[in-house]
Every structure is written in structure tokens, then in C-alpha cells.
Amino acid sequence: MALPTADVLFGESPDAPRLAKTDLADRFDNLMKAVDAMPTRHLDLAAMNQAFSQGRGIDFTPQPTTVHGALVKTLESPEIAKSLSPDQLSSLTAALGQLKAQAPDMVKDITNTTPIASGLVAFDLESPAKMLAPRPTPLRNRIPRKKGVGLSHRFKVISGYTGTGTGGVSTIHPGISDATQTNFAPQGSGNPLYYARGPKISYAGYDVVVPYAQFSVSDQVTWSAQYQGQGYQDIRQLSRTSLLYASMLLEERMFLMGRGTAANNFLGAVAAPGNVTVTARAAAAGETPISGSAGNVYVKVTSDAGDFGQSVLSGMVSVAVSAGQVVDVTCNLPAGALGQRVYVATGASADPGDATRFYAGRSGYSTFTIQGALPTSGAVAASVVADTTAYTNGYDGILPICTGPQSGYTRQLNTPLSTSNPGGEFQTAFAALYQSVKADPDRVLFNGSDRKQLSDSLKSASSSNYRLTLTQDEVSGVTLGDVVNTIINEVTGKGVTVEVHPWMPQGNTAILSDTLPMPDTDVSDVWAAWNVQDLMGVDWPVTQFAYESSSYWLGTMVCYAPGWNGAITGIKAA
């Protein structure tokens, strides 16, 4: 049978005039709205069987979604209403109202916190994990890596000969006459040989032996971590990548501040600070008076050696503290120290000891100010049981060499950088380096805040040597700030690059030469990494429920010309 047409379905009668298409569309839309408005109910098989077995139709009225609603609907049914008196029905209704107040879960719908506190909601987790760990290695990227062999790297140095003014060789006058005779015979010879010739020149030199050391770090990924992370992140890949970068970052720090032991021909441990004094004074502007003091503070300090350690503790010094005061800790920093670390305890009349002497902070120069709340937790002086500035399996890095006895220039300022003559400290260093070995440095490594202090000194200079000028087209959209990126060596005229090293401790700078300013030295690079085995990765056999891996490298770092480098330390933070 053919389906009826739209005119028959929506028309008034077969004899009525045909409806316009717009009228047919309106009537069809009205039909759909009526259908959509019909009550609906999801029925399972048990509900349909119950309705049909009871000989009644399907009830499309809205059904309760809570326990309280189901009980109220039951009380409203005709069967219950007929079997209970009005008083009984009223009493039950009142009891349900009380239950509603006492047990809110009876009336709760499904929400973000019910029936499960965490909610029946999707978890919008974005994969993989975001790697926000910085990993700059500027020294490792720059310093050449060369192939080593054996137990140590060795080379010989001719540090000077007559006329160079280096190596401790004295200068002689070369003038002669026809009658000049010079004896070249060995000392004690019974037959001295005198010839008409000029005086004999002299040489100075030494051997250098730099032992190799082994280095390694490791990581482990359990099977459960690897398999349960599937679909989110490859945990083994994350482990290997992190292990690689961790190895590179640790080598970067060794290049900068590592120290080897004296037994291995390196510079050895840094001594504890000397002449430690403490002085209580009124807090100045910008300082916070000490709080939490029991009347006296008891202080010990160590020499800071950077990321790898500190010296042994100094002797204890103490001072009484009154309200509104701070305490200045002043010491003499030994050679090689990159600053001081301060440990503080408090007591009424006696030193409570190293077990309660907590780490209060670090200073990059000879003075540290104790202020604010005294520390009551964290690292304690009792944990400083031995020197950790030098390691048997280590070597001397840039800062130890540049502050060591063979360095061409070292100076400990213990003041901020000059604002009356910005960069003057470095001009003094350049002049001294040129005077001693005719060095012409290539760059200076700074801590970020120290470079900012140098840049700020241009704006606050007491002289008029520096001026910031705005041209007419810069009246709007002015760029604020200035930065020092080069210091012109006033001795040689060369531009010395200013660089920030991400791991340089505040208060320290290294003045470096990458090459030597003279021909025929047979030194292609002043600094070099020599490795018997360069960085490699090792995946260990699976012997337990885990994947284990390690990095490994065997090598050292060499500076062929320490005298062409220098350091300025003890820069007081601005």
C-alpha cells in the first residue's frame, strides 16, 4: 500500500484546497515538536514484564532519581493513601522530611562529588610530561674533546727563555766586543773552553701530569613503571634521555668548578676561612632584624667550593643580639674559595652545638649578614664531617685553575663593582695579564646578577663618560635597559666578550683565553678535554624486574697555559 501524501496527512479534508508548501512545513514541524515533548522513560525487560503481567500500561511520568524521591512517590500511590489514615500519612511524610535533613545523600543526584568524591568525570591528562628542566652546557659545547690513552695525560712546557720575561728567567744584555770570551764548558770541567761569542741564553720549563678519572651516573626503570606508563609516555626513553643530559650537566659543572686532590697533582682541598668575626649592629634600611634569637648567636663558617662541596668548619664565634639588630659575619677567604657558607645556632648562655647549628645562607664575598628569622631546620653543621672541596676521582676545573697559584691574575674585591669607573677592575686585570705574559683574553664568564650589576653601573656612573640618548623616532616605544656584552681591553684594544654562565656562583668571574696571542706555541687550544673513553651509555642485562642503565666516561680536563687566565672574586651582591 502506498504511503499517504503530505497533503492527505496534514490537509483539512480531501476536498479542501491544497496547502501551500510553507503551511505543510509548519504543520510537520509542529508534529515533530509534539513528538519530542512526549514523556519518555528507559525501560528494561523486567519493568515491561511487570507492567504487562499486571495488565496496566507503561507509566511515562518522571521517575525519582534519589532514595528520598522514591519513598515520597511510594507514599503518593493510591494503594498506600487508601490504607493509611491522614494522621499516619502526615507522620510518615514528616519523618521523611527529617531524614532528608539528616541524610543529604538521600536527595542528592549524581554530581561531580557524588556518589564518588572524585566524580564520574573524564580525566583530561595531556601526554607526555612536560620537560621543564634547563640543561645548558656552554663550556662543554665549546671546549674541544680529544682522544687520550693510558693512565694520564702528559705534556712538557717551556715556560720561558732569555728575553721572554717569563718562567723566572732573567734578562741579560747581549752586547759584546772582539775581546769578549764566554766559557761554555760544563761546570767543574778541567778544560774550560773560552770562545769569542755572546753570553749563553737560559731556559725554564716543567712537566705536567694530569691523571684520568672515571665518571658515571645511573638510572633505573621498574617494569611496573614502564608497562603502566604505556599510552602516556615511554618511561625508558625518558630515563635514557635524562641520564644523558644529567651526565652532560655534571661534566659542565666539573669543567667550571671541579677540584682534584693534591695526591693526584691537582690543587687539592680548600682551607676553612680564617679570622672569623661576628658583629651585632642595628638593622639598616632594607634589612630585617633577627627574630627567634635566645639572646646569643653561635656561628661557624666553611669555604664554599661551588656545587660539589665545602671545606671543613671554622672555629665557633658568638655575639649577643638585641632587638632590632642583625649580625655581620666577616672572615678571610682562602685562595680558591668561591665564597662562604654560614651555620647559625642560638642559645641563652652556651653554644647548643653543631647538631642544632643550621645553614643560614651563602655569600660570594667575605661578609655575610644574618637577618630575619633564624633557621630551625635544614642542613646542619654536624653533617660537615670532612672536606668535600676536592675529590680523588676528579680534576681541576676553570675556577680552581683561574684562582690557583699558576693563574696569571687573581683579585678578591670584597666590594661591589665600581660605579665611578665601570669595568675598571677588569682593565686592571687585563693590564696585569699583559704585563706578565702578554696575555690578551678572549672572554669573561659572569654570574647573571653580577653581569647585571656591571650593566647597571653604566647608568649610575658618577662621571659623564656614559650617556643614554633617545633620538626623535624613539620618543614612543622606547626600549628600556642596557647590557654590557663586550669590554674593550684598554691595553691591547681587543674586545673581550662578556658571557653569563648558568652555573657560575655569585661573586665570581673567570677571565679566559681560548687561544694564545703568539705563533708557534704548539697550543691550538688553551683548554681541552682529553678522554680515553668519551661519554657512552650502558644498558645492563635484566637481572630483576627493572631496566637499568648507566653513563660512563674516562678522562680529564687540561689547561695548557694557566698564566694566560685570571679571576676576580669576592664581588659583593648589589
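Anything mentioned here points back to the structure above.
For every chain, the first residue of its written sequence is number 1, and the numbers climb from 1 along that sequence. Residue-level local features of this predicted model are given only where pLDDT is at least 70; pairs of side-chain atoms are given and counted only at 80 or more, and the full residue set underlies all totals for whole chains, interfaces and linings. Only hydrogens and water are set aside when side-chain values are computed; all heavy atoms of the structure are taken into account.

**Considering the pairing of strand 11 (residues 325-332)**
Here comes step 1: Here's how the labels work: a residue is buried when its accessible area is under 20% of the maximum for its type, exposed when over 50%, partly exposed in between, all with a 1.4 Å probe on protein chains only. Helix and strand definitions follow DSSP, with helices as H or I runs of at least four residues and strands as E runs of at least two, each counted in order from the N terminus. Burial runs high along strand 11: six of the eight residues are buried.
Here comes step 2: Relative to strand 11, strand 8 (residues 274-282) runs antiparallel, the two being bridged by seven bridges. Each residue of the ladder has a partner; that of Val278, found in strand 11, is Val329.
Here comes step 3: In the sheet, strand 11 pairs with strand 14 (residues 367-370) via four bridges, with the strands oriented antiparallel. Residue pairing in the sheet places Val329 in a bridge with Phe368 of strand 14. Whether two strands pair depends on DSSP finding at least two bridges between them.

**Some words on the sheet that holds strand 11**
Either a parallel or an antiparallel arrangement is found when strands of a sheet pair, and the pairing is made through backbone hydrogen bonds.
Here comes step 1: Spatially, the three strands line up as an open sheet ordered 8-11-14, and their pairing is antiparallel. Where the open sheet ends on each side, the last strands, each with one partner, are strand 8 and strand 14. Averaged over all adjacent pairs, the angle separating strand axes in this sheet is 20°, with direction ignored. Only the stretch in contact is used when fitting a helix axis, every axis being a line fitted to C-alpha atoms; angles between N-to-C directions are given from 0 to 180 degrees.

**Focus on the packing of aromatic side chains**
Here comes step 1: In summary, the pairing rule links any two rings of Phe, Tyr or Trp, Trp by its six-membered ring, whose centres are within 6.5 Å, and it sorts them by plane angle into stacked for under 30 degrees, edge-to-face for over 60 and tilted for everything else. Enumeration over the complete set of coordinates arrives at 10 aromatic pairs.
Here comes step 2: Ring geometry for Phe255 against Tyr395: centres 6.4 Å apart, planes inclined by 40°, an arrangement best described as tilted. Of this pair, Phe255 sits in helix 9 (residues 235-257) while Tyr395 sits in the loop between strand 14 and helix 10 (398-402); the two residues are 140 residues apart in sequence, bridging distant segments of the chain. Both residues of the pair, Phe255 and Tyr395, belong to the buried class.
Here comes step 3: Through pairs of rings, three or more aromatic residues link up here, namely Phe215, Phe255, Tyr395 and Trp553.

**Considerations on the nonpolar core**
Here comes step 1: Counting 61 residues, the largest nonpolar core has Ile398, Phe426, Ala510, Ile511, Trp527 and Ile568 as the members making the most contacts within it.
Here comes step 2: Any two residues whose heavy atoms approach within 4.5 Å are treated as being in contact. Discounting chain neighbours no more than four positions away, the residues touching Ala510 are Ile398, Leu399, Cys402, Arg443, Val444, Leu445, Met504 and Gly566. Within this scheme, the nonpolar core is defined by two criteria: the residues are buried Ala, Val, Leu, Ile, Met, Phe, Trp, Tyr or Cys, and they are joined through side-chain atoms within 4.5 Å.

**A few points about unusual backbone geometry**
Here comes step 1: Ser127 connects to Pro128 through a cis peptide bond whose omega is -5°.
Here comes step 2: Considering the arrangement of structural elements, one finds Pro128 in the loop between helix 6 (86-102) and helix 7 (138-142).
Here comes step 3: Positioned with a positive phi, Asn275 is a non-glycine residue whose angle comes to about 50°.
Here comes step 4: Tracing the backbone shows Asn275 in strand 8.
Here comes step 5: Even without glycine at this site, Asp520 takes up a positive phi of about 60°.

**Some points on the side chain of Gln427**
Here comes step 1: By secondary structure assignment, the location of Gln427 is in helix 11 (residues 424-437).
Here comes step 2: Given a relative accessible area of 13%, Gln427 falls into the buried group.
Here comes step 3: Excluding anything up to four places from it in sequence, Gln427 contacts Ile487, Ile488, Asn489 and Glu490.

**A word on the pattern of salt bridges**
Here comes step 1: Think of a salt bridge as a Lys or Arg side-chain nitrogen and an Asp or Glu carboxyl oxygen that are within 4 Å of each other. The full count for this structure, using the stated rule, is 20 salt bridges.
Here comes step 2: We note a salt bridge from Glu499 to Arg142, for which the minimum N-O separation is 2.9 Å. Of this pair, Glu499 sits in strand 18 (residues 495-500) while Arg142 is found in helix 7, placing the two residues 357 residues apart along the sequence.
Here comes step 3: Within the structure, one salt-bridge network assembled from shared partners comprises Arg140, Arg145, Glu251 and Asp534.

So yeah, pure geometry; function would need other evidence.
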